[in-house]
Amino acid sequence: MKRRRAREWLGQNDALLRLSDTSFDRLYVTILTSLIGEGAWEVATAPSRRQAGQVIDAVIEYVRLLMTGGRYHPDSPPGAS
């Protein structure tokens, strides 16, 4: 049941980001989805609002960096999106 839900969530994020069905795009959406999920877990278990806020800020920054850099394209030079 947990795996099914995870696949559904990945599929929803894949559709939201309008990615193709390549291994590189699946990896990209998996990384983004995992980052958000792990961030949510850290927020939920944070010992204080302050620490939860810091985790939220970190997750947003990581997502911003991943989204700005774009996904990996094997035919592109490193750093190009």
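Everything here concerns the structure above.
Here goes a summary of the coordinates provided. Predicted model, so just to flag it, every value in this text is computed and none were measured.

## Re the nonpolar core
Consideration 1: Counting residues in each nonpolar core, the largest one holds 8 residues, listed as Leu19, Tyr28, Val29, Leu32, Leu35, Val55, Val59 and Val63.
Consideration 2: Listing elements by their share of this core, those giving two or more residues are α2 (23-45) and α3 (49-69).
Consideration 3: Here this core gets 4 residues from one element, more than from any other, and that element is α2.

## Comments concerning the packing of α2 against α3
Consideration 1: At a minimum axis distance of 9 Å, the contact between α2 and α3 shows a crossing angle of 170°. Overall, the two elements α2 and α3 adopt an arrangement that is roughly antiparallel. Judged by residue contacts, Tyr28, Ile31, Leu32, Leu35, Ile36, Gly39, Glu42 and Val43 of α2 engage Ala52, Val55, Ile56, Val59, Tyr62, Val63, Leu66 and Met67 from α3.
Consideration 2: Partitioning the contact of α2 with α3 into residue classes produces 14 nonpolar, 1 polar and 1 charged.

## Considerations on the pattern of salt bridges
Close approach of charged atoms allows side chains with opposite charge to pair.
Consideration 1: If you walk through the whole model with that rule in mind, you get 1 salt bridge.
Consideration 2: One salt bridge in this structure joins Arg64 and Glu61, with 2.5 Å as the shortest N-O distance. In this pair, Arg64 and Glu61 both sit in helix α3, 3 residues apart, roughly one turn of the helix.
Consideration 3: For Arg64, a relative accessible area of 42% translates into the label partly exposed.
Consideration 4: A residue is classified by how much of its surface remains accessible, and Glu61, at 35% relative accessible area, is partly exposed.

Scoring rules and cut-offs
Residues numbered from 1 in each chain as written. Predicted model: local features only at pLDDT ≥ 70, side-chain atom pairs only at ≥ 80, totals over all residues. Heavy atoms only, no water. Core = buried A, V, L, I, M, F, W, Y, C linked by side-chain atoms within 4.5 Å. Buried < 20%, exposed > 50% of the residue type's maximum accessible area, 1.4 Å probe, protein only. Helix = DSSP H or I, 4+ residues; strand = E, 2+ residues; numbered from the N terminus. Axes fitted to C-alpha atoms, helices over the stretch in contact; angles between N-to-C directions. Parallel < 35°, antiparallel > 145°, perpendicular 65-115°, else oblique. Contact = heavy atoms within 4.5 Å. Nonpolar A, V, L, I, M, F, W, Y, C, P; charged D, E, K, R; others polar. Salt bridge = Lys/Arg side-chain N within 4 Å of Asp/Glu carboxyl O.

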